[in-house]
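The residues making up each chain are set out below.
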Amino acid sequence: MLVTNRFVVDVDVADDFTERAHAALTALAARPGYLRGQLVRALDDPRYWSLVTEWESVGTYRRALGAFDVKVSAVPLLAESVDEPSAYEALAVAAPGGAVVVAESDRAAGPYR
C-alpha cells in the first residue's frame, strides 16, 4: 500500500517544514508494517513536496496513525497536506526487467471497483 501526501510549502518556511517532515518520517518508520518512505521535492518548483510511504497493508498504516508518537509528530503535518486522496492500493507491479503481475483489489465489490 502506498501513501503519498503532497504539500505546497513557501520557500521561506521550507527549513521548518523539512524538520517537521523528518520527525514525521522517523515516527512512521518506527511503526510495525512500515516498509519504506521518503521526503521528495519537485525539481521544477521547490514549493511542491511529497511525503511518500509504503506499508504492508492498509491496516498497518491505519494502526500506525493511532500511535502516540505518530499523533504527535506526523498527524499534524499530514493534516497540512493537499486535501486529496492519499492512500493507494497496488493493483499491478513489475520488478526491474520483470513481467507485470496483477493483484486483486482489497476493496469491497461495488460500484467503485
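Residues numbered from 1 in each chain as written. Predicted model: local features only at pLDDT ≥ 70, side-chain atom pairs only at ≥ 80, totals over all residues. Heavy atoms only, no water.

Per an unreviewed UniProt entry, the chain goes by the name Antibiotic biosynthesis monooxygenase and belongs to Micromonospora chokoriensis.

Caption draft 1: Structural detail: helix α2 (residues 58–65). Every buried residue of α2 is accounted for by Thr-60, Tyr-61 and Ala-64. In an axial view of α2, the angular spread of the buried residues amounts to 100°, which keeps them on one side of the axis. Among the exposed residues of α2, those oriented more than 90 degrees off its buried face are Arg-62 and Arg-63. Check the buried side of α2 and you find it contacts β1 (2–8), β3 (48–55), α3 (68–73) and α4 (75–78). (Buried < 20%, exposed > 50% of the residue type's maximum accessible area, 1.4 Å probe, protein only. Helix = DSSP H or I, 4+ residues; strand = E, 2+ residues; numbered from the N terminus. Arc of directions from axis to C-beta. Contact = heavy atoms within 4.5 Å.)

Caption draft 2: Layout of the pattern of salt bridges. Tallied over the full model, the rule gives 5 salt bridges. Across the salt bridge formed by Glu-54 and Arg-36, the nearest N and O atoms sit 2.6 Å from each other. Residue Glu-54 is found in strand β3, and its partner Arg-36 is found in strand β2 (residues 34–41); the two are separated by 18 residues along the sequence. In the salt-bridge network here, residues are joined through shared partners; they are Asp-16, Arg-20 and Glu-80. (Salt bridge = Lys/Arg side-chain N within 4 Å of Asp/Glu carboxyl O.)

Caption draft 3: Highlighting the pairing of β3. Among the 8 residues in β3, 6 count as buried, and that is most of the element. Judged from the 7 bridges that link them, β1 and β3 form a sheet pairing that is antiparallel. Its bridge partner lying in β3, Val-3 is registered against Thr-53. Sheet topology note: the β2/β3 ladder contains 7 bridges and is antiparallel. In the strand pairing of β3, Arg-41 is matched with Trp-49. Here β2 folds back onto β3, and the loop between the two strands holds 6 residues. (Pairing = 2+ DSSP bridges.)

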